[in-house]
Amino acid sequence: MPIELKLPPSDDWVPTLDDTPFARLGGEAAVIALAEAFYDAMDATEPALARIHELDEAGRVNRGTRERFGLFLIGWLGGPQHYAAQHGHPRLRMRHGHVPVNVAMRDAWLRSMARALDSRGVTGGLRRFLDDRFAQVADFLRNTEG
């Protein structure tokens, strides 16, 4: 009798129209929680990056910024296009053009997102996909040497 190998299932997940990162993360509430975790991580560990955002009286990235990013993420991850309905096309480079984004800021942003994904328990193929996509976008937004 042949020996059957018990290998772990492959987790080479890639999104489809029916299986989006938005759905995999758990929908709107989960994506909003990811956006909050992202800014919480930034506030706690990346003060230089946090300071380039509008801050509230407590010195934390303000509620409006958090809400806009949450709406953006919902649509960007394959959910409803609430951001576009309220704010128009994201135009990421234009909207970030007034902020010098260099390698250090890009990397601080990516560290904050990695901490947020860790805190939300995002792993496996979904995590690999998101890490790659976030890195692509963060690098795309660089507009300053260094």
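These numbers come from a predicted model, not from an experiment. (Residues numbered from 1 in each chain as written. Predicted model: local features only at pLDDT ≥ 70, side-chain atom pairs only at ≥ 80, totals over all residues. Heavy atoms only, no water.)

J.: Help me out: how do you make sense of the environment of Ala 138 in this one?
T.: Mapped onto the secondary structure, Ala 138 falls in helix α8 (residues 124–140). For Ala 138, a relative accessible area of 8% gives the class buried. Along the primary structure Ala 138 and Arg 63 are separated by 75 residues, whereas in three dimensions their C-alpha atoms are 22 Å apart. Discounting chain neighbours no more than four positions away, the residues touching Ala 138 are Arg 106, Trp 109 and Leu 110. (Helix = DSSP H or I, 4+ residues; strand = E, 2+ residues; numbered from the N terminus. Buried < 20%, exposed > 50% of the residue type's maximum accessible area, 1.4 Å probe, protein only. Contact = heavy atoms within 4.5 Å.)

J.: Can you help me understand the packing of aromatic side chains in this one?
T.: Centre-to-centre distance and the angle between the planes together describe a pair of aromatic rings. Scanning all chains against the criterion turns up 11 aromatic pairs. Ring plane angle 70 degrees and centroid distance 4.7 Å describe the contact between Phe 38 and Tyr 39, whose orientation is recorded as edge-to-face. Residue Phe 38 is classed as buried on the basis of its relative accessible area of 0%. Overall, Tyr 39 belongs to the buried group, its relative accessible area being 5%. Members of the aromatic cluster, each reached through a chain of ring pairs, are Phe 38, Tyr 39, Phe 69, Phe 72, Trp 76, Tyr 83, Trp 109 and Phe 134. The ring of Phe 140 carries Arg 93 above its face, with NZ or CZ at 4.8 Å from the centroid. (Phe/Tyr/Trp six-rings, centres within 6.5 Å; stacked < 30°, edge-to-face > 60°. Lys NZ or Arg CZ within 6 Å of the ring centre and 35° of its normal.)

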